[in-house]
Amino acid sequence: MSTTERRTPVNTVDRVAFRDMCAEFARREVGPRWQEADRTKTFPRDFYVAAAKAGLIGITADESLGGAGLGCYEEAIAMEEMSKVNPNLAVSVLVQNVAGSILYEYGTPEQREIARRVIAGECMVAITVTEPEAGNDVAGLKTEAVRDGDHWVLNGMKSFITLGGDADVLVTLARVDRASGRNGMAFFAVDRRSPGVTTKQIETYVNRPAPTYRVTFDDVRVPEARRVDAGFREIMAGFNRERVMVAARWLGHMQNALNWAREYASVRHQFGRPIGANQSIAFQLAQAHVDVEAARHLTYHAAAKWDSGVPIRDLILDVSSAKLFATQAVVRVTQTALHVGGGWGLTEELPAMRLALDALVAPVTVGSWEIQLRAIAREMGLPCD
Ligand SMILES: Cc1cc2nc3c(=O)[nH]c(=O)nc-3n(C[C@H](O)[C@H](O)[C@H](O)COP(=O)(O)OP(=O)(O)OC[C@H]3O[C@@H](n4cnc5c(N)ncnc54)[C@H](O)[C@@H]3O)c2cc1C
């Protein structure tokens with residue numbers, strides 16, 4: 001498949017029933033796991049298996065691979081509902097879908113078999129792109145693959161790889177032809193347990209239930225059969241769908257924060273009445289409600305447009321607007337929740353601080369605020385470099 005062709009949904013579903021199913025899954029499978037995972041900074045692999053069993057891995061993949069053949073819209077519903085309980089276990093599903101889609105959209109039959117196993121809950125993957133010196137500037141990556149007979153030899157270092165130490169296969173972007181610049185890159189499906197691959201967890205304040213890793217490739221031999229016919233252009237195209245999912249992730253998180261803050265403002269009394277009786281508090285919550293609803297409209301508008309099959313270049317304005325707004329709004333809404341919590345909001349007895357801390361990754365990943373603003377400005381016809 002090329003980056004100009006796109007998979008559109010082949011199946012439809014009752015979206016109200018689907019949302020209810022996702023919400024029930026989140027209550028049953030995310031709820032009991034996330035706090036322990038957050039405390040220990042350890043991903044619970046049985047959650048991945050549960051998500052696969054529930055059909056939440058490969059929502060948009062072909063039924064021949066065990067996928068559901070549904071759309072970006074349903075994928076966003078699943079992401080929103082899981083994120084209402086915890087955005088970090090939710091992101092582990094997002095990672096499976098993004099890395100898996102590189103294999104099933106562009107892969108050979110053998111590589112699509114790996115994707116089938118990902119969808120079945122038998123093989124975890126990680127999307128392995130960012131490097132210490134190549135964050136937003138993906139074209140600047142240095143990890144190199146050099147051909148040696150029927151193998152490639154990989155050398156380089158990746159950083160911030162979500163589940164990099166947990167995954168079975170690292171879907172890794174590397175340079176294969178230095179002279180061709182961004183066109184000289186390819187993905188490799190690298191077994192994490194291959195000789196020469198080492199991983200080390202990066203200690204972060206965010207994403208703790210789905211930790212990030214430094215991954216080092218030191219003369220790692222990868223068979224030619226594991227080179228995927230996809231590189232820079234394909235990951236950039238894929239980032240657009242991922243950005244819709246990121247918007248849905250933060251939509252769920254901000255809805256959770258607002259629900260909590262509204263409830264707290266009703267039950268916390270000062271000066272003989274609920275703090276929410278003060279206009280100054282109530283208005284902040286009203287403003288947060290508008291943020292949530294605006295993020296919801298932008299997110300599902302972008303998802304529906306994606307599913308309509310229009311070319312990716314005609315989606316960028318919608319996708320980047322949704323991603324920018326949701327990632328800005330989640331910071332505002334969680335800060336409001338923290339403020340409503342007062343001194344108790346800063347303690348571990350209330351969820352406000354954890355909600356606010358988790359939101360701080362929103363402006364950063366899959367193209368920062370500035371990168372989205374640049375994309376929007378360009379789509380507006382501005383001569384923005
Ligand atoms: C929790 C977490 C999970 C992640 N998971 C993954 C993963 O699974 N796989 C993966 O490959 N990567 C992952 N990443 C990487 C993430 O996508 C990068 O961190 C991101 O691309 C930012 O890179 P950086 O930190 O090097 O920032 P930099 O690119 O150094 O940016 C620093 C600052 O400079 C600004 N900036 C940069 N360029 C410009 C410009 N041209 N114009 C204006 N401002 C600019 C940025 O907006 C930002 O504010 C993850 C990161 C985190 C924190």
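The preceding data block contains the structure.
Attention here is on the structure that accompanies the text. (Residues numbered from 1 in each chain as written. Predicted model: local features only at pLDDT ≥ 70, side-chain atom pairs only at ≥ 80, totals over all residues. Heavy atoms only, no water.)

Turning next to the packing of helix α9 (residues 316-340) against helix α11 (residues 369-379). Where α9 meets α11, the axes come as close as 9 Å, and the angle between the chain directions of the two elements is 145 degrees. Judged by the twist between their axes, the crossing of α9 over α11 is left-handed. Contact residues: α9 offers Ile316, Leu317, Ser320, Ser321, Lys323, Leu324, Thr327, Gln328 and Val331, while α11 offers Trp369, Gln372, Leu373, Ala375, Ile376 and Glu379. Considered class by class, the residues forming the contact of α9 with α11 number 8 nonpolar, 5 polar and 2 charged. (Axes fitted to C-alpha atoms, helices over the stretch in contact; angles between N-to-C directions. Helix = DSSP H or I, 4+ residues; strand = E, 2+ residues; numbered from the N terminus. Left-handed = near helix turned anticlockwise from the far one by under 90°. Contact = heavy atoms within 4.5 Å. Nonpolar A, V, L, I, M, F, W, Y, C, P; charged D, E, K, R; others polar.)

This part covers helix α6 (residues 109-120). For an α-helix, 3.6 residues make a turn, and residues three or four places apart therefore share a direction. Helix length check: α6, at 12 residues, gives a terminal C-alpha distance of 16 Å against a target of 16 Å (1.5 Å per residue), a fit within 8%. Every buried residue of α6 is listed here: Gln111, Ile114, Ala115, Val118 and Ile119. What you see down the axis of α6 is that its buried residues fit within an arc of 140 degrees, all on one side. Contacts made by the buried residues of α6 are with α3 (45-53), α5 (87-106), β1 (125-128), β4 (169-175), β5 (185-191) and β8 (227-228). One or two residues past the end of α6 sits glycine 121, with phi positive at roughly 85 degrees. (Expected span 1.5 Å × (residues − 1). Buried < 20%, exposed > 50% of the residue type's maximum accessible area, 1.4 Å probe, protein only. Arc of directions from axis to C-beta.)

Quick look at the site of the ligand now. Lining the immediate surroundings of the ligand are 17 residues, of which Thr130, Phe160, Thr162, Ser368 and Glu370 lie closest. The side chain of asparagine 136 places a nitrogen or oxygen atom 2.9 Å from an oxygen atom of the ligand. Between the ligand and phenylalanine 160, the relevant distance is 2.9 Å, taken from a nitrogen atom to a main-chain nitrogen or oxygen of the residue. Protein contact buries 65% of the 980 Å² of open area that the ligand shows by itself. Of all the elements in the fold, those that place two or more residues in the shell around the ligand are β3 (151-162) and α11. (Near = heavy atom within 4 Å. Polar contact = N/O pair within 3.5 Å; in protein donor to acceptor, adjacent residues only side chain to side chain. Areas by Shrake-Rupley, 256 points an atom, 1.4 Å probe, with all protein chains shown as cover.)

A word on the packing of aromatic side chains. This model, assessed by the stated rule, comprises 4 aromatic pairs. For the ring pair phenylalanine 25 and phenylalanine 47, a centre distance of 5.8 Å and an interplane angle of 40 degrees mean the geometry is tilted. With phenylalanine 25 in helix α1 (residues 15-30) and phenylalanine 47 in helix α3, this pair connects stretches of sequence that are 22 residues apart. Taking the relative accessible area as the measure of exposure, phenylalanine 25 reaches 1% and is therefore buried. Note that arginine 15 overlies the ring of tyrosine 73, its terminal NZ or CZ placed 3.7 Å from the centroid. The ring of phenylalanine 325 carries arginine 332 above its face, with NZ or CZ at 5.5 Å from the centroid. (Phe/Tyr/Trp six-rings, centres within 6.5 Å; stacked < 30°, edge-to-face > 60°. Lys NZ or Arg CZ within 6 Å of the ring centre and 35° of its normal.)

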